[in-house]
Amino acid sequence: MAQTSLLEPQPPRKRVAVLLPLPFPCPLDYAAPPALADSLPPGAIVSVPLGGRRETGVVWDQTPLPPDLTPPPPPEIADSRLRAVSTLVDAPPMPEMLRRFIDWVAAYTLAPPGMVLAMALRPHLLGTQAGPRSGWAAAPTLPEGLRMTPARRSVLAALEEESPLSGAELARRAGVGAAVIRGLADAGALLAALLGPIAPFAAPNPDHNPPVLSGAQDVAATALRALTREHRFSATLLEGVTGSGKTEIYLEAVAECIAAGRQALVLLPEIALSAQWMERFARRFGVTPATWHSEIGQRARRLTWNAVGDGSAGVVVGARSALFLPFRDLGLIIVDEEHETTFKQEEGVTYNARDMAVVRARLANAPVILASATPSLETLNNVETGRYGHLVLPSRHGGAAMPTTRLIDMRMAPPPRGRFLSPALIDEIGSTLARGEQAMLFLNRRGYAPLTLCRACGQRMECPHCTSWLVEHRKRKILCCHHCDYRQPIPETCPQCGAEHSLTAIGPGIERITEEAEETFPNARVLVMASDTVGGPAAIAEAVERIAQRDIDLIVGTQIVAKGWHFPHLTTVGVVDADLGLGGADLRAGERTIQLLHQVAGRAGRAEAPGRVLLQSYAPEHPVMEALVSGDFRTFMEEEARQRQPGFWPPFGRLAALIVSSENPEAALDTARRLGRAAPEAPGIEVLGPAPAPLGLLRGRHRHRLLLRTRRAIAVQPILRQWLAKVKISAGVRVDLDVDPVSFL
Ligand code: ADP
Ligand code: ZN
């Protein structure tokens, strides 16, 4: 029978797969050293050798995925080539639910799993468990002979108001430097004292200040509370006009989740603009929630990360990346303004946080609530087919009426040359201000003018690195590319023909509208709100406060003014260019325009005084304009659906984009063509392109696009995998995959 070999084979080494936050196609195998063999379960965070350095990774196990999404098995590595795990990192293991989620997102977006892990594992946050914090309290009796100074007195006075306080807070309140506090401590006048939990991690109280709900609100809240209690997956669209109380209602689901001892995650499209939201949360629950977005500081980030992991953060409000936090017991996810395109991440791993929130909820056996006044066609379709539940709040809270919307036909009564506000709009704003109410002008374009043109030779000022015009920012005296941020001073002479003072601003940006508004309404106190002028979250909160306090008469803003604000004194909204979003070849141009303008309009007349919205348009007969006037969003979306159905456009089919780019134009074109020739052919599958991208040049890279479109029943992932395996990508060429694209630029 079996022959005994002279060289007895070594017993196989115990191996573990380790996923590293790097763009490898799969986890790498390592040997488990005997000393660690029993302490490397899936999820354990480990340090491993890689080339000549060390990397932090996670012990990985195989996730069962739907067959369409299952990646091919990784190649085997011989025992003899295995390197050993170096150390076990002293940090809580990554929860299974998060590991499953990472695998899912990677398989769906076709991103390397390690790149998805990189969003979830931030090694610098590990191993630094924040111990209890300590601060200062006054000693019960002051030491004899303590020398008193005004600064020292002020420290002790601050501690009489509240004690204990952290060193930083004490210094701030007393208006003294750290040295004064140290001096008092050295003299024995201050004693170290443990501080309570920091505010964002104090437990929200679900019974702190519950609202009194109206009939439809009560029905919706009761339903959402029941779903939240069940602790199983469900998806529900909460649809209601602006000001109907959607926020109020989903906070009731959050209350239920907290009461059940589980954690809730609320995704907001623009967390930096959420000052009013935070206030409302605090009013409802007595504490502020934990937040997670790119602008929180390093220390807050570490504390939040750990508090989410150990369950002490009950509610997290965050941007899309909050989906990758290590929740201990996630019981509810809310996606507010679910139709917003900012939920789609376009750089790195391209994923739609709204859709991945649904996946995350399913993995956590938790309900997800999608809230919107203008739900996306995708979500409406999920309601129609019964995949999602549907709750509706039909009217504004407290009897406030919806604003009336009127079109101004710019062909009939245009503004004078070089001006952009029509007589009708100026009239309406004038009488609004005369009544002591507030008005808003909306234009979704930053800067002074979108195009600078030479009157002598017709030369247009373009970005040297992108297919785009340079936008003039007059206050900053620059021309700027809004795609790559290239800047140059505004030239005095035309760079093409040398003519002097011939460069002319064409078209309006927000800066130019502000100039016109200030000339037209010289007594109005004007506030400009655009992402590049208003500053950080604190500055935005302050601006919002000034509006609420009626320190402002006229707001001029880009899309950041549309975001969910509640300005009770604002009654008139003027949309400077309602047609702006309708150009271009975007599949969802109409849907998006209506969503944005409806949201802007929703800022008007939220309290007693009725609101009015004026839309300046050169195409007033466009279905989008008609729907905005009638308020009949539903009929418009039904028509959209009818138009998308025959061509199997989403949501009736699936899309994936391939973006081929290179600094070398020939290489990009060549790869794009070869991809085109290798395009899959089968019933229900179609490939459009290759074609030069509308943004044919972006940050110096030449770009071509291909678009894969399939019937809904056909998954795009296996097709893309096989397709790409057939084509050799030339050096210096990148192919970015975008499953479910929202941008077609
Ligand atoms: P939406 O999210 O649908 O725009 P909100 O939840 O922001 O609506 O509600 C609009 C305004 O009405 C907010 O100021 C909110 O506090 C108030 N509101 C809504 N419902 C109630 C209620 N039941 N009791 C008290 N105030 C309410
Ligand atoms: Zn550019």
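Above: the structure in question.
Draft legend 1. Structural view of the packing of aromatic side chains. Taken as a whole and judged by the stated rule, the model has six aromatic pairs. Both rings, one in tryptophan 104 and one in tyrosine 108, keep their centres 5.9 Å apart while their planes meet at 25°; by these two values the pair is stacked. Note that tryptophan 104 and tyrosine 108 are positioned in helix α1 (residues 96–109) at a spacing of four residues, about one turn of the helix. Seen from their ring centres, phenylalanine 281 and phenylalanine 285 are 4.7 Å apart, and the 45° between their planes marks the pair as tilted. Placement of both phenylalanine 281 and phenylalanine 285 in helix α8 (residues 275–285) is noted, with a separation of four residues, approximately one turn of the helix.

Draft legend 2. Quick look at the pattern of salt bridges. Under the definition given, this model contains 41 salt bridges. Salt-bridge contacts for aspartate 103 lead to arginine 100; the nearest nitrogen and oxygen are separated by 3.9 Å. Highlighted residues: aspartate 103 and arginine 100, both in helix α1, separated by three residues, approximately one helical turn. Accessibility expressed as a relative area gives 12% for aspartate 103, which makes it buried. Close ionic contact of glutamate 472 with arginine 474 constitutes a salt bridge, the shortest N to O distance being 2.7 Å. Given a relative accessible area of 5%, glutamate 472 falls into the buried group. Through salt bridges with shared partners, a single ionic network connects Asp61, Glu96, Arg99, Arg100 and Asp103.

Draft legend 3. Local environment of the site of ligand 1. In the vicinity of ligand 1, 15 residues are found, and the nearest of them are Val212, Gly243, Lys246, Thr247 and Arg280. Glutamate 248 is positioned with one of its side-chain polar atoms (N or O) 3.0 Å from an oxygen atom of ligand 1. Here arginine 280 contributes a side-chain N or O atom positioned 2.6 Å from an oxygen atom of ligand 1. Broken down by element, the residue count for the shell around ligand 1 peaks at three residues, all from helix α7 (residues 246–259). Of the residues that constitute the shell around ligand 1, the class distribution is three nonpolar, eight polar and four charged.

Draft legend 4. Empty space enclosed by the protein, seen in detail. The tally for this structure, following the rule as stated, stands at one cavity of 30 Å³ or more. Lining the largest cavity, in full, are Tyr108, Thr109, Thr350, Tyr351, Asn352, Asp355, Val739 and Asp740. When its residues are assigned to classes, the lining of the largest cavity shows three nonpolar, three polar and two charged.

Draft legend 5. Spotlight on the coordination of the zinc ion (ligand 2). Coordination sphere of the zinc ion (ligand 2), protein contribution only: Cys463 (SG), Cys466 (SG), Cys481 (SG) and Cys484 (SG), at 2.2 to 2.4 Å. For the zinc ion (ligand 2), the four donor atoms in the first shell make angles of 105 to 114° at the metal, a pattern classed as tetrahedral. Sequence spacing of the donors to the zinc ion (ligand 2): C-x2-C-x14-C-x2-C. We classify cysteine 481 as buried; its relative accessible area is 1%.

Draft legend 6. Region of the structure containing the nonpolar core. In this structure, Leu323, Met529 and Trp723 are the most contacted members of the largest nonpolar core, which totals 118 residues. Not counting chain neighbours up to four residues away, the residues in contact with leucine 323 comprise Leu98, Phe101, Leu265, Leu267, Tyr351, Ala353, Met356, Ala357 and Arg360. Grouped together as the second largest cluster of nonpolar side chains are 29 residues, Ile249, Tyr250, Phe281 and Leu391 included.

Draft legend 7. Geometry of helix α2 (residues 113–120). Within α2, six of the eight residues are buried, which leaves the element mostly enclosed by the surrounding structure. Every buried residue belonging to α2 is among Pro113, Gly114, Val116, Leu117, Met119 and Ala120, and all of these are buried. Where α2 is buried, its residues meet β1 (15–19), β4 (53–60), α1 and α9 (298–309).

Draft legend 8. Representation of the environment of tryptophan 136 in the model. Structurally, tryptophan 136 is set in strand β6 (residues 134–138). Its relative accessible area of 24% is what places tryptophan 136 among the partly exposed residues. Separated by 49 residues in sequence, tryptophan 136 and alanine 185 have C-alpha atoms that sit 8.5 Å apart. Not counting residues within four places of it along the chain, the set of residues in contact with tryptophan 136 comprises Leu159, Ser163, Pro164, Leu165, Gly167, Leu170, Ile181, Ala185, Leu190, Leu191 and Ala192.

Analysis parameters
- Residues numbered from 1 in each chain as written.
- Chains lettered and ligands numbered in written order.
- Predicted model: local features only at pLDDT ≥ 70, side-chain atom pairs only at ≥ 80, totals over all residues.
- Heavy atoms only, no water.
- Phe/Tyr/Trp six-rings, centres within 6.5 Å; stacked < 30°, edge-to-face > 60°.
- Helix = DSSP H or I, 4+ residues; strand = E, 2+ residues; numbered from the N terminus.
- Salt bridge = Lys/Arg side-chain N within 4 Å of Asp/Glu carboxyl O.
- Buried < 20%, exposed > 50% of the residue type's maximum accessible area, 1.4 Å probe, protein only.
- Near = heavy atom within 4 Å.
- Polar contact = N/O pair within 3.5 Å; in protein donor to acceptor, adjacent residues only side chain to side chain.
- Nonpolar A, V, L, I, M, F, W, Y, C, P; charged D, E, K, R; others polar.
- 1 Å grid on protein atoms, 1.4 Å probe; cavity = no way out; pocket = protein on both sides within 12 Å on 5 of 7 lines; lining within 4 Å.
- Points joined across faces, edges and corners; volume = space filled by probe spheres on them.
- Donors = N, O, S within 2.8 Å, 3.2 Å for Na, K, Ca; no water.
- Tetrahedral: all angles 85-135°; square planar, octahedral: opposite > 155°, others 65-115°.
- Core = buried A, V, L, I, M, F, W, Y, C linked by side-chain atoms within 4.5 Å.
- Contact = heavy atoms within 4.5 Å.

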